[in-house]
Every structure is written in structure tokens, then in C-alpha cells.
Amino acid sequence: MPTREQQLAMVEELEKQIAELQSSTPPSEAAQEEIERLREQIASLRKEAPGSAHDAWERVLLARHPQRPYTLDFIHMLCTDFTEIHGDRRFADDPAMVAGLARFEGRPVVVVGHQKGRDTKQKLLRNFGMPNPEGYRKALRVMQLGAKFNLPILSLVDTPGAYPGIGAEERGQAEAIAHNLKEIPRLAVPIVVVIHGEGGSGGALAIAVGDKALMLENAIYSVISPESCSSILWRDWNHKEEAARILKLTATDLHGFGIVDEIVPEPPGGAHADPERAGALLRSAIRESLRVLGSLSTAELMERRHERLRQLATLIRET
Amino acid sequence: MTWFRKEKKPLETSPAEKRVQTEGLWTKCEGCKQILWKKDLENNLQCCPKCGFHFKMGSRARLAMLFDEGKYEEYDAGLASPDPLHFADRKTYRARLEEAQKLTGMKDALLTGRGLMAGKPIIICAMEFQFIGGSMGAVVGEKITRAIDRCIAQRLPLVIISCSGGARMMEGAISLLQLAKISAALARFDETRKPYISVLTNPTTGGTTASFAMLGDLNIAEPGALIGFAGPRVIEQTIHQKLPEGFQRSEFLLAHGMLDAIVPRKDLKSYLASTLELLGAWNSSPTRS
């Protein structure tokens, strides 16, 4: 029986093979068949040992997988006519946050989301998906624009966290996040939140308030990264896998706490293994959410939201 | 025979005198490094009589200082955490909770009271730093939200005194979502047109700053308090630079437009009473809507 590390190495190897086969354009029929076979192998490898500690950490790795679809990838898969809106009209345009108008299945919507970069240059431009205050202010501005023109809001969450820098503090990172948390609940249009990659603490939450929270199967959502948690509790990063497990940051855990309303399945091997399929699965979940929320009157929508937010994460006991 | 024999008996200390403790009576000021008599510090609202440095103040002392004659009715004292994550690292969260409960005599890190301030009714919440660093979990979140609900129902002004490292790691994402719950409640409180004043004290960081602490109609701070989103160590590790002197202190935030005022502790009660009065906190006629 191979160890978990060996299994993961095998998965990685198989993924590499798939990538090679896919790069030969157009892939021959034989190559397609081979890809299918490899994918099945990966799926069974992943299923073999769902040990809890490895499982949580594995999801952390999947949520951060370099080939995982990012916000703009999802926007292009889910929407047409995406028109980006830049800037917070106060200080700057933050490339770590994207916002704009688009059509979802023909219907105009507003989309906001954290954006990570794929290569080194893009990573730097996007600041690794960690917004500064102007990013949060831009997101709110565009969401308010949506509310003004009665457009539903889609919020796509994928960030390691809000950027911890000198400029960010000077310009009020905490104030920007707090302001969003207070103002977003007032917007009288349906808000669907999708946590599709990393839900990194306050930096994620600042655009993750709404009427319905969807979470992709392998996404994570946590108050602190497993690395930081490990360094606080054990004074080093070596316990990050253990930290990932005890933080209860997987979609299943959060669904159990009632923080997430619905888990959106991913294709075998994770969203990066078949982005188109991941997009299609997410599309149907969003469609259904918008349909249900769209059938409510504004008063019902706001009442329901108020109730939802009031009851959120009330895990206490009276003594 | 020795010529240096002692003629007198050695001096004897009386047993009563021996019991006088000197240890724990004195403390060193973190500001001016002078040695202070603790009694002097207590008599001066935990501020250094020499340089004015503001020491941390417990939540009970806070409420006692702000309510008339130190009298108030406590709310929700019995709320406690059920340890929803069954969190355990080298020590269980349950053990940490029990320890903190023993130390503070509180069930969690927040104290809510209703009483009179300068003769007028008000609800005040104070965070307790001694309780796991004043961290915010589901109990703190629920207690603040209930305090806001009560202010809405009773049409009362609200003051929250923050002293907290942020969200409580041991309750994971449940802690995180308290930020959303409290902030949404404050949005509803706005509709009553009753004022909420946020008082930031040393230290106020993380999720606490990124929610209710920055959402007051007025946000004021005590002098020299550390206030920020990310802690200084995290920022240093991220940017690999030494941080400038005074970074993230009250005076720095005031200069950057993030605070309305810095108010020394001795003036806090009169500042709150007079600004709340100016904002019409106790106007009997319904305010314009």
C-alpha cells in the first residue's frame, strides 16, 4: 500500500501526463481516451484514503492549485458581455479585485471577485489576489451600482486574505472591510456568493455577505490560514496539515455549521482537471439560486436576508 | 575570647511586619519605564501618573468607571461557547476556556450592561482582554448583536469598548462570520437614529477593527493604542521591513483620517455623555426620519 505522499505524487504525475496530452493540438481520439483513463485513475487514487487530516490539507492544496480556474476564468465561462469597471474613485484601481457588468444566461448582472495571477508577472500585478482597501471600496461601489439599477449581484471569492501592508493600513484596510460588511446587507437585490477557491478570513468575507452562499467542493474558508495557525499554536509551520484539519475549513464542515448553504460539486480530480465541467456545474447552481431569489418580492428578500444574517453562526449555549 | 563578640541581640522583625508583601505592589510603566506603586495606578484609572501611559483596563472596571456610581444591570452573563469545532492543539479549547473563566470570573470575553451615564440610560459593552486576548467567537458576536437588538427595541444609544486581538481562531469560520452578523445588526440600528460610539483601546486589531470597532457614528480611541487590521509582526514578515515608529498607534490613525478623536481615559465619560447628548441620543420626541 503506497503512502499518502506517494499517492499524491502519483496524482501529480498523472496530471502532468494529461497536460502533455492536451497540449498536442488538436488532441487525437486516442489521446482523448487516454486522458479519460488517466482522470479515472486520479479519481480512484484520491478516493482511496480519505483520512481526515490528509483530506483537509489536500483540499487546501486543491483550493490553491496553480491550474485552478480563477475568478476571471469563471466569469468568462459563466457570463457573456463582461464589461470591467475599474477604480474606487477615491485612490486607485486595485487589480486584485475585479468588478463589472455582464450577462448571466442573457440576464444583466453585476459581478465582483478577487483575482489571482497565473504567471509571475500576473501574480505581482494581482498582488497574489490580496486586495488593498481600494479593492474593497471598488467592489462596494460596483455592487451599489448594481442595486441602483436592480441588477442581481454575483460575488466570486478567492483570496488568501486582505493585504497586510503599510499602505493598506494607512488607507484603512479594516475600515474598508467593516464598511462593506455594513453596507452590502442594505443592497435590495439578490446577492449570490460563490466561494470557489480560497476564502481567506476578513479579506474574503468583505465581499461574501449575501442571500445565498455557494461553496465549491474543494474550496476552503477559514478565519486564518493553516500556516499561520500552525505558527501561532506550534511556533512553526510544520503542523500546517494538522492545523488544516482542526480549523474545519472544508465545504462539508462549513455546510454543517450552516455558514454555507450549498456545496457545488467539482469534476473528479478537482476544478482544474476539467474547468469547463466545473463551470457548467457552478452555472446550474447559480441559475437555481437566482431563480429562487428572483421569485421573492424585495420586502421578502430583505426580511429573509435579515433573518439569515441574524442567525448566522450562532453556536452558543445558555448556562 | 573573641574581642568582637556582639554585645546586642540581632534585630528582630516582628512576625506581623514579616507578612508585609512588597512583591506585586509595584509595577513598571511601559511608557516612561518608571516604577509605579500599583495603588497610585488604580487611583488614576490605570494611567501612569507620571507620563499618562494608558494601561489595559478590565471590562468590569470599565463599566464601573462609565456608569453612574458604578451601577448597572448585566445582560447575557450566562452565554458560553459549546466548543463547536472540538478544537484541540497542544491543549484543548475547553481547557483554555475554563482557565480564562477562572481567571476572569466571566463566561466569555465581553461584558454588557445597562445603566445610567450622567443620569441617562445607555447600554455599554466592554471587551475583556484577559479572556483569551479579548478574542471574538460566537458568544462575543451574539452578545454584541443582542445588545444592538436591545438598543433598537428600547431606543437607547450604544457604546462598545474594544480591546481585542480579533476573531478567535479556536472557533474557526464561526468566529469570522460574527463580523458579518454584528455589522448587519449595526446597519439595522442606523434606522433608529440612535447613536453608537465605538471606543478603541489598546490593542484593537484583526476582525474586531474590521467590523464594529470601525463602524461607530463616532470612532474614538485612547492615546497610544495599537489599532490596525493586520498585526505589526504579520506586516513585518510580509514586507520584510522594519515598521516606522508610532505606526498603527492612535495618533497615526488620527493623522490618517481613521479616527474622529483621541480621548484620554479620564475624560472619556464626560466626552461620551456630551457627544451623545449633542447627537440627540435621549431626545424624547421621535427624530426626523
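Positions within a chain are numbered from 1, following the residues in the order the chain's sequence is written. Both sets of labels track the order of writing: A upward for chains, 1 upward for ligands. Note on the predicted model: pLDDT of at least 70 is required for a residue's local features to be given, and 80 or more for side-chain atom pairs to be given and counted; whole-chain, interface and lining totals, by contrast, use all residues. Side-chain numbers here rest on the full set of heavy atoms in the structure, without hydrogens or water.

Draft legend 1. Here's a closer look at the packing of helix α14 (residues 298–311) of chain A against helix α6 (residues 172–190) of chain B. Structural elements are reduced to axes, namely lines fitted to C-alpha atoms, with helices fitted over the stretch in contact, and the angle between N-to-C directions of any two is expressed from 0 to 180 degrees. Here a helix means four or more residues in a row that DSSP labels H or I, a strand means two or more in a row labelled E, and each is numbered from the N terminus. Running from N to C, α14(A) and α6(B) cross one another at 135°; their axes reach a closest spacing of 8 Å. Viewed along their axes, α14(A) and α6(B) adopt a mutual orientation that is oblique. Considering only the axes of α14(A) and α6(B), their crossing is left-handed. On α6(B), the residues that touch His306(A), Leu309(A) and Arg310(A) of α14(A) are Lys181(B), Ala184(B) and Arg188(B). Geometric relationships in this document are graded by angle, where less than 35 degrees denotes roughly parallel, more than 145 denotes roughly antiparallel, 65 to 115 denotes roughly perpendicular, and other angles denote oblique. Left-handed describes a crossing in which the near helix is turned anticlockwise from the far one by less than a right angle; the clockwise case is right-handed. It only takes one pair of heavy atoms within 4.5 Å for two residues to be counted as in contact.

Draft legend 2. Highlighting the packing of aromatic side chains. Stacked, tilted and edge-to-face are the three classes applied to pairs of Phe, Tyr and Trp rings, where Trp contributes its six-membered ring and a pair requires centres within 6.5 Å; stacked means planes under 30 degrees apart, edge-to-face means over 60, and tilted covers the rest. Tallied over the entire structure, the rule returns four aromatic pairs over all chains. Geometrically, the ring pair formed by Trp26(B) and Trp37(B) is tilted, given 6.4 Å between the ring centres and 35° between the ring planes. Taken as a pair, Trp26(B) in strand β1 (residues 26–28) and Trp37(B) in strand β2 (residues 35–37) lie far apart in primary sequence, eleven residues in all. The aromatic ring of Tyr70(A) is capped on one face by Arg118(A), whose charged end is 3.9 Å from the ring centroid. Lysine NZ or arginine CZ positioned within 6 Å of the ring centre and within 35 degrees of the ring normal marks a charge as sitting over the ring.

Draft legend 3. The arrangement of the pattern of salt bridges in detail. Only one rule defines a salt bridge in this text: a Lys or Arg side-chain nitrogen within 4 Å of an Asp or Glu carboxyl oxygen. Overall, the coordinates contain 43 salt bridges over all chains when judged by the stated rule. For Asp158(A), the salt bridge identified is with Lys116(A), shortest N-O distance 3.1 Å. Of the two residues, Asp158(A) sits in strand β4 (residues 153–159) while Lys116(A) sits in the loop between β3 (107–114) and α5 (120–125), which places them 42 residues apart along the sequence. Burial classes: relative accessible area under 20% of the type maximum marks a residue as buried, over 50% as exposed, and values in between as partly exposed (1.4 Å probe, protein chains only). Under the relative-accessibility criterion, Asp158(A) is labelled buried at 2%. Owing to a relative accessible area of 9%, Lys116(A) belongs among the buried residues under this scheme. When the shortest N-O distance is used, the salt bridge between Glu277(B) and Lys120(B) registers 2.9 Å. Of this pair, Glu277(B) sits in helix α9 (residues 265–278) while Lys120(B) is found in strand β6 (residues 120–127), placing the two residues 157 residues apart along the sequence. One connected set of salt bridges, linked through shared partners, spans Arg310(A), Glu318(A), Asp76(B), Glu142(B), Arg146(B), Asp149(B), Arg150(B), Lys181(B) and Arg188(B).

Draft legend 4. View of helix α10 (residues 226–233) of chain A. All names here are of chain A. Three or more residues of α10 are buried, namely Pro226, Glu227, Cys229, Ser230 and Leu233. Down the axis, α10 shows its buried residues gathered within 165° of arc, on one side only. Once α10 finishes, Arg235 follows within two positions and takes phi at roughly 65°, a positive value. Each direction from the helix axis to a C-beta atom contributes to the arc, which is the arc of those directions.

Draft legend 5. Quick peek at the interface of chain A and chain B. Taken together, the contact between chain A and chain B spans 48 residues of the former and 56 residues of the latter. Looking only at chain A, the three residues that lose the most surface to chain B are Glu169(A), Lys182(A) and Arg310(A), adding up to 15% of its buried area. Where chain A packs against chain B, one counts five salt bridges. Asp190(B) serves as the salt-bridge partner of Lys182(A), at 3.0 Å between the closest nitrogen and oxygen. At the level of secondary structure, the elements contributing two or more residues to the side of chain A that touches chain B comprise α7 (166–170), α8 (173–183), α9 (201–205), β7 (220–222), α10, α14 and β9 (317–318) of chain A. Within the side of chain A that touches chain B, the residues separate by chemical class into 28 nonpolar, ten polar and ten charged. A pair of strands counts as paired when DSSP detects no fewer than two bridges linking them. Bridge count between β9(A) and strand β4 (residues 79–80) of chain B: two bridges; the pairing is antiparallel. The residue bridging Glu318(A) from the neighbouring strand is Leu79(B), located in β4(B). By convention, the term buried area covers the 1.4 Å-probe accessible surface removed from two parts as they join, with the contributions of both added. Each residue receives one of three labels: charged for Asp, Glu, Lys and Arg, nonpolar for Ala, Val, Leu, Ile, Met, Phe, Trp, Tyr, Cys and Pro, and polar for the others, Gly being one of them.

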